Amino acid sequence: MREMSASGNITLGGQQQQPQKHYGITSSISLAFPREIDHMYTQKLIEAMKPFGVFEDEEELNHRLVVLGKLNSFIKEWIAEISETKNLPPSVVANVGGKIFTFGSYRLGVHTKGADIDALCVAPRHVERTDFFLSFFEKLKQHEEIKDLRAVEDAFVPVIKFKFDRIEIDLLFARLALQSIPDNLDLRGDSHLRNLDIRCIRSLNGCRVTDEILYLVPNKENFRLTLRAVKLWAKRRGIYSNMLGFLGGVSWAMLVARTCQLYPNAVAATLVHKFFLVFSKWEWPNPVLLKQPEESNLNLPVWDPRVNPSDRYHLMPIITPAYPQQNSTYNVSTSTRTIMSEEFKNGLNVTDEILQGKADWSKLFEPPSFFQKYKHYIVLTASASTEENHLEWIGLVESKIRVLVGNLERNEYITLAHVNPQSFPGSKENPNENDFVSMWFIGINFKKVENAESVNIDLTYDIQAFTDTVYRQANNISMLKDGMKIEATHVKKKQLHQYLPPEVLQKKKKSIAEISRTSNGGGSKRVSLDGNPLDSSRDTDSGTPFSSPTPVSKPTKPVTEMDGKITPTKTPAPLFTDGLPAIDDSPEPEQGMSIPVIGSKPVAGPVVKPAQTPAGSTIPTVVGRNVIPRLISPNTNQLPPQPPNGVPNIASNGTAPKRPHSPSLEESPKRLKDAEQLLSPEDSAFKEPFPPAGNEQESGDSPVSESLGGVKPMPIPTIDTSRSQVRLITIHQCGQCILLRH
């Protein structure tokens with residue numbers, strides 16, 4: 001029997017339920033309470049996740065609390081010392097305070113075994129950032145329990161990284177306009193942002209977003225368990241990496257939080273299924289919002305496509321709930337959105353089977369067959385002569401891989417570029433003069449060309465633009481050292497064995513024991529060279545950009561729901577609406593009315609046309625199905641600047657078709673001259689991408705002859721270091737002949 005408790009909560013069979021509060025920007029889809037079988041499925045879900053090391057035991061959890069307590073005392077001691085050096089009165093020094101706040105996966109309560117802790121040091125107004133990176137850094141050096149200490153002061157969000165008693169900690173800094181920092185300080189108030197510099201605001205953003213997410217979910221425990229399952233699924237399926245254009249931890253947390261708002265009384269097993277149901281049908285690019293954006297009159301830049309034209313080009317906007325609201329998925333490209341949309345649909349099919357008793361939860365966490373999925377791959381290799389240089393180099397290269405994906409997407413003959421977030425060590429069969437090598441693999445789908453015997457696809461420009469961007473960035477930050485190299489090679493699926501061991505390429509599924517050995521807790525932000533299936537890339541959720549390029553754009557055409565069909569209308573729809581279509585939950589008893597709102601659908605967006613860049617160093621030519629490697633006239637020794645994300649400016653009419661072909665040799669000097677005039681010198685990994693292609697990517701690949709009737713496998717053409725000769729490879733689609741001439 002259902003009763004109302006004295007506190008206003010609903011009780012069902014003596015068990016207290018959550019109060020029926022309105023969450024989110026729409027009403028709930030279902031208020032149904034869980035059945036006994038839902039609890040059973042949730043328990044099975046927990047058991048299925050345990051082998052992956054996603055749960056931390058009590059001893060490890062207590063160890064983290066002890067370390068954070070020591071660090072908090074350490075911070076207060078340092079702030080008191082620095083206050084004395086600034087000649088503050090003793091009475092002020094005694095009460096100056098200081099506090100450590102956590103954010104990210106640890107604050108959300110979903111951290112895994114061995115995961116690091118994201119933390120923020122909050123100091124009063126008289127403590128400056130230079131004090132943090134000088135005197136506090138020196139104080140940390142003297143602490144015997146602190147190892148691997150390093151400061152990254154010039155980062156987008158400045159940070160000190162270290163290990164404290166074997167626990168990795170990323171510590172940010174922010175000073176507030178307060179004389180002292182009390183222990184009960186709440187950072188959710190917008191007033192704390194007044195009179196702060198942008199770096200302090202960025203540092204505070206992680207804590208404020210995390211706290212706001214927890215405040216906006218109906219049931220924190222159900223949210224945490226669901227988020228653990230979704231993050232594990234995303235890592236296993238290779239779509240967990242903000243840096244590479246997929247989603248990072250905060251973005252996945254906001255998607256799960258929105259699902260919890262729509263099904264406030266559901267338990268984790270149901271919520272995981274509803275997560276896939278909701279987002280497999282979501283009308284992107286309508287934004288995911290946990291609450292209506294609020295204006296705080298602090299004049300900080302916020303995500304608002306009505307004001308910022310560049311925001312209209314974001315493909316998969318997920319908006320942070322704390323002021324200043326930002327899009328946490330600004331790196332998503334056409335290809336990565338297509339891949340994630342397919343994964344949402346696949347997850348829905350699998351969870352349908354699980355809840356029907358046809359499959360186990362372990363099926364949801366099976367890795368994809370990435371190396372069997374495509375006929376063509378690009379192997380991107382980053383190498384350095386020392387281990388220290390290698391770690392620096394691969395960090396920069398990995399942060400720019402999405403530039404290469406964007407370049408490939410704009411090629412007329414490429415419909416999909418799928419980067420695998422996991423990196424691999426260099427192949428022993430291909431010895432290199434450098435001892436430290438990492439490889440990434442990008443699967444390519446080529447467009448099928450009708451009524452054509454053969455097609456020449458030149459990827460030289462796409463690769464050259466990417467490598468120029470990486471080398472220029474390395475030069476700008478004085479990172480480039482002898483031995484640091486990038487190479488890119490085209491291979492077919494049957495050639496992958498030359499780069500990867502058989503256990504990676506084989507289709508058989510890993511056993512639970514193997515998964516446990518390789519998972520390593522999924523906590524490391526830096527992917528190891530032996531490959532970590534749980535967390536394959538660094539994540540950059542701690543800060544989101546506050547400024548973005550503003551290309552001219554056309555507003556999208558709104559649509560409306562009528563008689564079960566989506567038809568265009570002439571009246572504009574509200575900009576901040578949910579993109580959730582009507583979801584049929586008829587088998588489930590409904591206790592709340594669904595009021596989904598259909599927002600606007602995108603029109604065919606403009607695509608930029610890259611400008612030519614000169615060759616600054618020797619880069620091997622990547623070969624497509626049929627490729628004309630091309631010489632680039634090195635008429636200058638200095639690399640020209642590249643716009644953000646490697647994308648040049650948009651044409652004045654706001655539209656640009658895909659690049660129909662690579663520039664010819666005759667066009668090179670003119671394009672070089674134009675590029676020097678048009679390109680901006682600024683290059684930042686944190687700027688939003690420019691508009692992608694408006695049409696959806698084709699998922700198919702054109703048939704290419706894998707075996708040409710007894711002919712030996714075609715060698716992979718490259719341009720030699722002198723760039724003095726060109727190899728022209730033409731493979732006829734009929735597969736009858738190969739022409740190779742010098």
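For the structure itself, consult the block above.
Thresholds, definitions, all that
- The written sequence of each chain sets the order in which its residues are numbered from 1.
- Per-residue local features of the predicted model are confined to residues with pLDDT of at least 70, and side-chain atom pairs are confined, for both listing and counting, to 80 or more; whole-chain, interface and lining totals are unaffected and use all residues.
- With hydrogens and water excluded, all non-hydrogen atoms of the structure serve as input to the side-chain values.
- In this description a helix means any DSSP run of H or I spanning at least four residues, a strand means any run of E spanning at least two, and both kinds are numbered starting from the N terminus.
- Throughout, exposure labels follow a simple rule: accessible area from a 1.4 Å probe, protein chains only, divided by the maximum for the residue type, with under 20% read as buried, over 50% as exposed, and the rest as partly exposed.
- Note on contacts: a residue pair is in contact if any heavy atoms of the two residues lie within 4.5 Å.
- Surface accessibility follows the Shrake-Rupley procedure with a 1.4 Å probe radius. Residue values consider only the protein chains on display as shielding.
- For two strands to be treated as a pair, DSSP must find at least two bridges joining them.
- Every axis corresponds to a line fitted to the C-alpha atoms, with the helix fit spanning only the stretch in contact, and the corresponding angles, defined between N-to-C directions, vary from 0 to 180 degrees.
- By definition, a salt bridge exists where a carboxyl oxygen of Asp or Glu is found within 4 Å of a side-chain nitrogen of Lys or Arg.

*Asks:* Got a minute to help me understand the overall build of the protein in this structure?
*Replies:* What the protein contains, in helices and strands, is 16 helices and 17 strands. When the 742 residues of the protein are sorted by exposure, 57% land in the buried category. Put simply, 77% of the contacts in the protein that link residues at least 6 apart link residues at least 24 apart. Of the roughly 31900 Å² that the protein leaves accessible, carbon and sulfur atoms contribute 51%.

*Asks:* Teacher, can you tell me more about the pairing of strand 7 (residues 159–164) here?
*Replies:* Looking along a regular strand, one sees side chains alternate from face to face of the sheet. With five bridges connecting them, strand 6 (residues 146–152) and strand 7 associate as antiparallel partners. Following the sheet pairing, I146 is matched in strand 7 by F164. In textbook terms, the turn of a hairpin is the stretch between consecutive antiparallel strands, and for strand 6 and strand 7 this stretch comprises six residues. The sheet contact formed by strand 7 and strand 8 (residues 167–175) spans five bridges and is antiparallel. Opposite K161, over in strand 8, you have D170 as the bridge partner.

*Asks:* Would you mind going over the environment of T102 with me for this structure?
*Replies:* On the secondary structure map, T102 appears in strand 4 (residues 99–103). Linking T102 and L120, residues 18 residues apart in sequence, is a C-alpha distance of 6.1 Å.

*Asks:* So what exactly am I meant to see when it comes to the sheet that holds strand 6 here?
*Replies:* Read across the sheet, five strands follow the order 4-5-8-7-6 without closing on themselves; strand pairing throughout is mixed. Edge positions in the sheet fall to strand 4 and strand 6, since each of these pairs with one other strand and no more. Going from strand to strand, the sheet's axes swing by 25° on average, the running direction of each strand aside. As judged from the five bridges shared by strand 4 and strand 5 (residues 117–123), these two strands associate in the antiparallel manner. Looking across to strand 5, one finds that F103 is bridged to D118. Along the sheet, helix 2 (residues 58–85) makes contact with strand 4, strand 5, strand 7 and strand 8, crossing strand 8 at roughly 35°. Most of the contacts of helix 6 (residues 198–215) go to strand 8, to which it runs at about 120°, and overall it touches strand 4, strand 5 and strand 8.

*Asks:* I would appreciate a short explanation of the pattern of salt bridges in the present structure.
*Replies:* Opposite charge on two side chains permits pairing when their charged atoms draw close. Taken as a whole and judged by the stated rule, the model has 23 salt bridges. For E56, the salt bridge is made with R64, and the minimal N-O distance between the two is 2.6 Å. Since its relative accessible area comes to 17%, E56 is described here as buried. A residue is classified by how much of its surface remains accessible, and R64, at 3% relative accessible area, is buried. R224 is the partner of E221 in a salt bridge, and the nearest nitrogen-oxygen pair spans 3.0 Å. Pair noted here: E221 and R224 are both in helix 7 (residues 220–236), with a separation of three residues, about one helical turn. Classification of R224 as buried rests on a relative accessible area of 18%. One salt-bridge network, held together by shared partners, links R188, E212, K291 and E294.

*Asks:* Mind showing me how you'd approach unusual backbone geometry here?
*Replies:* Backbone phi values are negative for most residues with the exception of glycine, while trans is the configuration of most peptide bonds. For the bond from W284 to P285, the omega torsion is 10°, close enough to zero to count as cis. Assignment of secondary structure puts P285 in the loop between helix 9 (268–280) and helix 10 (334–355). A cis geometry characterises the amide bond from Y323 onward to P324, with omega recorded as -5°. You can see P324 is positioned in the loop between helix 9 and helix 10. Of note in the backbone geometry, D148 takes a positive phi value of approximately 50° without being a glycine. Checked against the element boundaries, D148 lands in strand 6. Even without being a glycine, R166 presents a positive backbone phi close to 75°. Take R166: its relative accessible area is 67%, and that puts it in the exposed class.

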